[in-house]
Amino acid sequence: MDMYKHCAVSSLEGRSNIEGLDHGNTTPEGFKQHYTLKAQEYDAQYQKNGWREIVEKAVEIFLDALRGIPRKGSFYVLDAGAGTGLVGEQLDRARESTLSDSPRPQRRLHVYAQDITRAMLVQALQKEVYEGAEVSDVCDEKAALRHQKAFDGIISVGLFGGTVDPKEGIPKLLLQCKPGGVVVVASRESYFEEEFKPFIRDHLNNESYRVEYTPPMALDEVGQQSKSGRSVFVTISKLLKA
């Protein structure tokens with residue numbers, strides 16, 4: 001698959017132009033600026049704030065969903081909002097043991113990364129767990145159309161915690177998902193209740209999709225028990241008739 005190229009990201013640009021960033025700017029440009037500044041320290045922050053459990057659980061659910069796809073050959077997978085590649089790393093660690101007991105144990109994962117921030121993808125590609133990456137906005141319809149029905153599975157951890165409106169982002173992910181494929185998303189519980197549930201009710205409650213979600217999972221290491229500190233994992237199966 002040549003739609004995502006390593007050359008789309010230049011390591012020379014990983015820390016460029018970070019002076020004077022506006023951290024109150026919640027536009028796509030503001031997020032790019034913020035995560036450009038955070039890129040090199042992001043993994044260290046991840047190690048101490050309890051996010052590891054969220055990533056591990058999301059990948060577990062995702063690989064379990066992939067095992068249920070009755071398709072021959074390899075899986076093509078997109079890590080949407082990949083950031084510095086933490087999900088890609090966990091996929092790389094877990095996929096062999098998880099997929100080995102599937103009916104087709106030789107099936108290989110071809111994993112690609114997408115993120116709005118070039119500096120984050122520079123860090124992700126250094127982990128050498130992706131076959132390619134693209135700098136783009138997950139809500140960009142033109143980018144989604146370029147990769148229409150390209151992926152067997154799409155996973156996204158972090159995007160839909162308040163940063164991206166599911167009404168804008170989820171249809172673009174579903175556009176890139178093959179019929180019969182799956183999209184797995186981790187969302188903060190508060191955001192799930194306020195934004196995701198209404199979106200599911202209004203847009204995915206039909207014969208083209210099957211939606212499942214887990215009970216909320218707390219960030220155990222930091223002991224957050226409020227809705228803002230817990231994650232819900234949403235699995236959207238795009239049925240063959242979609």
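The coordinates are above.
What counts and what doesn't
Counting restarts for each chain: residues are numbered from 1 in the order of the written sequence. Restriction of local features to residues with pLDDT of at least 70 applies here, the model being predicted, together with a cutoff of 80 or more for giving and counting side-chain atom pairs; totals for whole chains, interfaces and linings are based on all residues. As a rule here, side-chain values come from all non-hydrogen atoms in the structure, and water together with hydrogens is ignored. What makes a salt bridge here is a side-chain nitrogen of Lys or Arg within 4 Å of a carboxyl oxygen of Asp or Glu, nothing more. Elements are defined by DSSP. Helices are runs of H or I of four residues or more, strands are runs of E of two residues or more, and each kind is numbered from the N terminus. Between rings of Phe, Tyr and Trp, where Trp is taken as its six-membered ring, a pair exists when centres lie within 6.5 Å; planes separated by under 30 degrees are stacked, by over 60 edge-to-face, and by other angles tilted. A 1.4 Å probe rolled over the protein chains alone gives each residue an accessible area, and that area as a share of the maximum for its type sets the label: buried under 20%, exposed over 50%, partly exposed in between. Only buried residues count toward a nonpolar core. Its members are Ala, Val, Leu, Ile, Met, Phe, Trp, Tyr and Cys residues joined through side-chain atoms within 4.5 Å. Residue contacts are defined here by distance: any two heavy atoms, one from each residue, within 4.5 Å place the two residues in contact. Charge counting treats Lys and Arg as positive and Asp and Glu as negative, with His and both chain ends excluded. We define a polar contact as two N or O atoms separated by no more than 3.5 Å, with the added condition that, inside protein, one atom must be a possible hydrogen donor and the other a possible acceptor, whereas residues neighbouring each other in sequence contribute only through side-chain atom pairs. Here, axes are lines fitted to C-alpha atoms. For helices the fit covers the stretch in contact, and angles between N-to-C directions go from 0 to 180 degrees. Roughly parallel means an angle under 35 degrees; roughly antiparallel means over 145; roughly perpendicular covers 65 to 115; every other angle is labelled oblique. Crossing handedness: left-handed means the near helix sits turned counterclockwise from the far one by under a right angle, and right-handed means the same turn made clockwise. In this scheme, a helix's expected span is set at 1.5 Å multiplied by one less than its residue total.

Draft legend 1. The arrangement of the pattern of salt bridges in detail. Scanning the model with the defined rule gives ten salt bridges in all. A salt bridge links glutamate 195 to lysine 167; the shortest N-O distance between them is 3.9 Å. Highlighted residues: glutamate 195 in helix H8 (residues 189-204) and lysine 167 in helix H7 (residues 166-176), separated in sequence by 28 residues. Each of the salt bridges in this network shares a partner with another, and the network as a whole consists of Asp165, Lys167 and Glu195.

Draft legend 2. Inspection of the packing of aromatic side chains at higher detail. The final tally for this structure, using the stated rule, is four aromatic pairs. Judged by centre distance (5.8 Å) and plane angle (65 degrees), the ring pair of phenylalanine 160 and phenylalanine 196 falls under edge-to-face. With phenylalanine 160 in the loop between strand S4 (151-157) and H7 and phenylalanine 196 in helix H8, the pair connects residues that are 36 residues apart, well separated along the chain. Both residues of the pair, phenylalanine 160 and phenylalanine 196, count as buried.

Draft legend 3. Fine view of the nonpolar core. Counting residues in each nonpolar core, the largest one holds 32 residues, and the members touching the most others are Leu66 and Leu91. Those elements that place two or more of their residues in this core are helix H3 (51-67), strand S1 (75-80), helix H4 (86-99), strand S2 (109-115), helix H5 (118-126), S4 and strand S5 (177-188). Residue contributions to this core peak at nine residues, all from H3. Beyond its immediate sequence surroundings of up to four residues, leucine 66 is in contact with Phe75, Val77, Leu109, Asp152, Gly153 and Val182.

Draft legend 4. Fine view of the side chain of lysine 238. Locating lysine 238 in the fold gives a position in strand S8 (residues 230-238). Look at lysine 238: it is buried, it has no salt bridge, and the nearest opposite charge is aspartate 152 at 11 Å. Setting aside residues up to four positions removed in sequence, lysine 238 forms contacts with Leu174, Leu175, Cys177, Lys178, Pro179, Gly180, Gly181, Ser208 and Tyr209.

Draft legend 5. Region of interest: H7. All of the buried residues along H7 are Pro166, Gly169, Ile170, Lys172, Leu173, Leu174 and Gln176. N-cap assignment for H7: the residue whose side-chain oxygen lies 2.9 Å from the backbone N of lysine 167 is aspartate 165.

Draft legend 6. Region of interest: the packing of H7 against H8. As a packed pair, H7 and H8 sit with axes 10 Å apart at the nearest point and diverge in direction by 55 degrees. It follows that H7 is oblique to H8 by the angle criterion. Both H7 and H8 take part in a crossing whose hand is right-handed. For the pair H7 and H8, the contacting residues are Pro166, Lys167, Ile170, Pro171 and Leu174 in the first and Tyr191, Glu195, Phe196, Phe199 and Leu204 in the second.

Draft legend 7. Structural view of H8. Between its terminal C-alpha atoms H8 stretches only 19 Å, short of the 22 Å expected from 16 residues at 1.5 Å a residue. Taken together, the buried positions of H8 are occupied by Glu189, Ser190, Tyr191, Phe192, Phe196, Phe199, Ile200 and Leu204. The inward-facing, buried residues of H8 abut H7, S5, strand S6 (209-213) and S8.

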